[in-house]
Amino acid sequence: MSLFKSVLFAMGAAMLAACATSAGTGASAPASLSAEAQVQQMNRGVNVLGYDPLWQDPARARFHERHMQIIHEGGFQTVRIVLQSFRHMDADNTLNPQWFATLDRMVNAALANHLTVILDEHDYGVCGEDPAACRVKLAAFWRQVGEHYKDAPPQVIFELLNEPNHAMDAQWNDVLAATLAVVRQTNPTRNVIIGPAFWNNINWLDRLQLPENDRHIIVTVHYYLPMEFTHQGAPWVPEMRQLGVTWGSAEDRAFLKANFDGVKAWSEAHHRPIFLGEFGAYDRAPLESRVAYTSAVAREAEAHGFAWAYWQFDSDFVVWDMATDSWNAPIHDALIPH
Ligand code: BGC
């Protein structure tokens with residue numbers, strides 16, 4: 001995450017059986033879910049695999065298929081697979097077959113464990129710097145991924161691009177329309193997740209323009225407010241160096257509720273259901289406050305009818321401790337109350 005973001009952000013097998021036969025044609029096509037029904041199914045989720053060495057070399061994997069079962073048994077219904085795919089394309093923007101094989105393994109493991117699986121294109125850095133190059137790569141990505149998963153059950157969802165930012169902000173409405181059109185060539189009724197520009201910021205929802213007649217869209221926002229609390233000590237946000245910032249006052253809670261009330265009002269006015277795709281507080285924040293924040297954001301999202309995904313399973317903000325092969329109990333309990 002850049003300085004700019006940090007400053008301004010402050011403001012399965014069973015499911016595979018869900019395939020239906022298209023009337024009249026005899027052809028098999030995946031059944032579809034309304035965006036609203038899908039958000040209800042998605043419920044509670046977690047971000048996975050974004051910074052795992054398995055994408056470079058499957059032999060060095062930290063995350064294995066068995067973790068999908070652990071996630072399901074841990075009380076989650078969704079995984080958001082964070083894909084930095086551009087680096088796995090050749091000069092013609094063709095995705096590496098080994099990358100696809102790894103992704104297939106993970107998607108199948110998620111589905112077999114009754115998890116909804118979001119494929120999130122996460123090259124937001126490149127896209128913020130060079131929207132023109134990004135536009136071409138995004139289209140190539142969704143042409144190939146759309147074709148590859150066109151017969152997957154509706155529990156496979158596509159997220160066009162994580163956190164558009166910087167130079168992409170002004171072009172995002174254009175780019176999202178063009179990218180969505182690529183997806184719709186192969187996946188006419190699959191639900192697609194799209195968020196506002198400026199890092200999927202809640203205050204940019206009003207500028208988001210979506211094709212009115214496409215009702216298979218779920219809108220996503222990310223929530224890390226206040227940054228001084230959630231990103232304290234995070235090395236990629238050097239100006240948040242002050243440690244010991246706490247969270248949990250009546251004022252803190254009222255601010256959270258007011259922010260989510262605003263998102264809900266937008267959602268109702270535009271008839272678009274909401275997915276809170278990332279939230280959390282970095283590992284260096286005081287644990288008691290992290291627990292209070294994590295639990296409050298998750299419960300407030302649920303009270304507003306939003307599905308959510310915690311940032312993240314492994315790496316940082318961890319809810320799963322790879323070293324001890326067990327849940328980070330305070331964070332897990334905050335997310336999934338007994
Ligand atoms: C980025 C991560 C970062 C997180 C919180 C995500 O969108 O991919 O690198 O840790 O936001 O700042």
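In what follows, the structure referred to is the one given above.
Residues numbered from 1 in each chain as written. Predicted model: local features only at pLDDT ≥ 70, side-chain atom pairs only at ≥ 80, totals over all residues. Heavy atoms only, no water.

Asker: Please give an account of the overall build of the protein that cites residues and values.
Answerer: Broken down by element type, the protein carries 13 helices and 12 strands. By the compact-globule yardstick of 20 Å for 338 residues, the protein fits well, its C-alpha radius of gyration being 19 Å. Along the longest, intermediate and shortest principal axes, the C-alpha atoms of the protein span 60 × 45 × 40 Å. Approximately 13,500 Å² of the protein is accessible, and the part contributed by carbon and sulfur atoms is 54%. Charge separation in the protein, taken as the distance between the mean sites of 24 positive and 38 negative side-chain charges, equals 1 Å. (Helix = DSSP H or I, 4+ residues; strand = E, 2+ residues; numbered from the N terminus. Rg over C-alpha atoms; globule rule 2.2 N^0.38 Å. Areas by Shrake-Rupley, 256 points an atom, 1.4 Å probe, with all protein chains shown as cover. Lys, Arg positive; Asp, Glu negative; His and termini not counted. Charge placed at Lys NZ, Arg CZ, Asp CG, Glu CD.)

Asker: Run through the packing of aromatic side chains, naming residues and quoting values.
Answerer: A complete count under the given rule lists 24 aromatic pairs for this structure. Between the aromatic rings of W236 and F317, the centroid separation amounts to 6.3 Å while the plane-to-plane angle is 35°, which identifies the pairing as tilted. Note that W236 is positioned in the loop between α10 (227-230) and α11 (250-270) and F317 in the loop between β10 (307-310) and β11 (320-321), a separation of 81 residues in sequence. What makes W236 partly exposed here is its relative accessible area of 26%. Ring geometry for F279 and W308: centres 5.6 Å apart, planes at 85°, overall edge-to-face. Of this pair, F279 sits in strand β9 (residues 274-279) while W308 is found in strand β10, placing the two residues 29 residues apart along the sequence. The residues F279 and W308 share a single accessibility class, namely buried. Taken together, the ring pairs connect F63, F76, F279, W308, Y310, F313, W320 and W327 into an aromatic cluster. Residue placement shows R207 over the ring face of W204; its charged tip is 3.8 Å from the ring centre. (Phe/Tyr/Trp six-rings, centres within 6.5 Å; stacked < 30°, edge-to-face > 60°. Buried < 20%, exposed > 50% of the residue type's maximum accessible area, 1.4 Å probe, protein only. Lys NZ or Arg CZ within 6 Å of the ring centre and 35° of its normal.)

Asker: Mind laying out the packing of helix α7 (residues 131-148) against helix α8 (residues 172-186), listing which residues take part and the relevant values?
Answerer: Following both chains from N to C, one finds α7 and α8 inclined at 20°, their axes separated by 8 Å at the closest point. It follows from the interaxial angle that α7 and α8 lie roughly parallel. Relative to α8, α7 is oriented so that their crossing is right-handed. Facing α7, whose interface residues are R135, L138, A139, W142, R143, G146 and E147, α8 presents D174, V175, A178, T179, V182, V183 and T186. (Axes fitted to C-alpha atoms, helices over the stretch in contact; angles between N-to-C directions. Parallel < 35°, antiparallel > 145°, perpendicular 65-115°, else oblique. Left-handed = near helix turned anticlockwise from the far one by under 90°. Contact = heavy atoms within 4.5 Å.)

Asker: Hey, could you go over the state of the cysteines for me, with residue numbers and the actual values?
Answerer: On inspection of all chains with the given rule, the structure shows 1 disulfide. With a sulfur-sulfur separation of 2.1 Å, C127 is cross-linked through a disulfide to C134. Note on the C127 and C134 pair: the S-S dihedral is about 75°, so by sign convention the disulfide is right-handed. Across this residue pair, the class does not change: C127 and C134 are buried. (Disulfide = S-S within 2.5 Å.)

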